[in-house]
Amino acid sequence: MEAIGLESCPMKYVCAFCGGNDGGRPEYGHAARAFGAALALRGLGLVFGGSNKGLMGAVALGALNAGGRVIGVLPRGLTATETPFPELADLRLVDSMAERKA
């Protein structure tokens, strides 16, 4: 089976669903930041939960630090407990978790 290169891939964004906590081990945060950076370096944008907390925030931080395009999707009800990245150029506030996942 031959690998498909990104030049032939129509995908422009990857959606990351991961925890708003750190996962309990520092290696998880390192891997999450590296994953975000790898997306950006390959020209792929990131869609994520919008918060700067935990592994979700680590993926976004990695992508942002590597110059990537990042879209946050955060339910309005969580804005009191989950702080969105101030650096996000595209933060979409939605009404529910179901809308966030959609």
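Before any of the text, the structure's been laid out above.
Values in this document were obtained by computation on a predicted structure and should not be read as measured data. (Residues numbered from 1 in each chain as written. Predicted model: local features only at pLDDT ≥ 70, side-chain atom pairs only at ≥ 80, totals over all residues. Heavy atoms only, no water.)

Caption draft 1: Summary view of the packing of aromatic side chains. Counted by the stated rule, this structure contains zero aromatic pairs. Over the aromatic face of Tyr13 sits the side chain of Arg69, whose NZ or CZ is 5.1 Å from the ring centroid. (Phe/Tyr/Trp six-rings, centres within 6.5 Å; stacked < 30°, edge-to-face > 60°. Lys NZ or Arg CZ within 6 Å of the ring centre and 35° of its normal.)

Caption draft 2: A look at the layout of surface pockets. Here the largest pocket is characterised by a volume of approximately 190 Å³. Contributing to the lining of the largest pocket are 13 residues, with Cys15, Phe17, Gly49, Arg100 and Lys101 lying nearest its centre. Of all elements in the fold, only strand S2 (45-48) and helix H3 (97-101) reach the threshold of two or more residues within the lining of the largest pocket. Counting residues per element, the lining of the largest pocket draws most heavily on H3, which supplies three residues. Class assignment of the residues belonging to the lining of the largest pocket gives a composition of ten nonpolar, one polar and two charged. (1 Å grid on protein atoms, 1.4 Å probe; cavity = no way out; pocket = protein on both sides within 12 Å on 5 of 7 lines; lining within 4 Å. Points joined across faces, edges and corners; volume = space filled by probe spheres on them. Helix = DSSP H or I, 4+ residues; strand = E, 2+ residues; numbered from the N terminus. Nonpolar A, V, L, I, M, F, W, Y, C, P; charged D, E, K, R; others polar.)

Caption draft 3: Up close: helix H1 (residues 26-41). Between its first and last C-alpha, H1 extends 23 Å over 16 residues, near the 22 Å set by a 1.5 Å rise per residue. Turning to H1, its buried residues number three or more, namely Gly29, Ala32, Gly36, Ala37, Leu39 and Ala40. Seen end-on, H1 carries its buried residues on one side only, within an arc spanning 160°. With respect to the buried face of H1, the exposed residues turned more than 90 degrees away are His30 and Leu41. (Expected span 1.5 Å × (residues − 1). Buried < 20%, exposed > 50% of the residue type's maximum accessible area, 1.4 Å probe, protein only. Arc of directions from axis to C-beta.)

Caption draft 4: Structural detail: the sheet that holds strand S4 (residues 90-94). The strand order across the open sheet formed by four strands is S1-S2-S3-S4, and the pairing between neighbours is parallel. The sheet terminates laterally at strand S1 (13-15) and S4, the two strands that pair on one side only. For this sheet, the mean angle separating the axes of adjacent strands, direction not counted, is 20°. Both S2 and strand S3 (residues 70-75) contribute to a ladder of three bridges, which runs parallel. Residue pairing in the sheet places Leu46 in a bridge with Val70 of S3. In this fold helix H2 (residues 54-65) packs onto S2 and S3, with an angle of close to 160° to the strand it touches most, S2. (Pairing = 2+ DSSP bridges. Axes fitted to C-alpha atoms, helices over the stretch in contact; angles between N-to-C directions. Contact = heavy atoms within 4.5 Å.)

Caption draft 5: Representation of the nonpolar core in the model. Among the nonpolar cores identified, the biggest contains 16 residues, and Leu46, Phe48, Ala60 and Val70 are the most heavily contacted of them. Mapped by element, the contributors of at least two residues to this core are H1, S2 and H2. No other element matches the six residues that H2 contributes to this core. Leaving out residues up to four positions away in the same chain, Ala60 has contacts with Leu46, Phe48, Val70 and Phe85. (Core = buried A, V, L, I, M, F, W, Y, C linked by side-chain atoms within 4.5 Å.)

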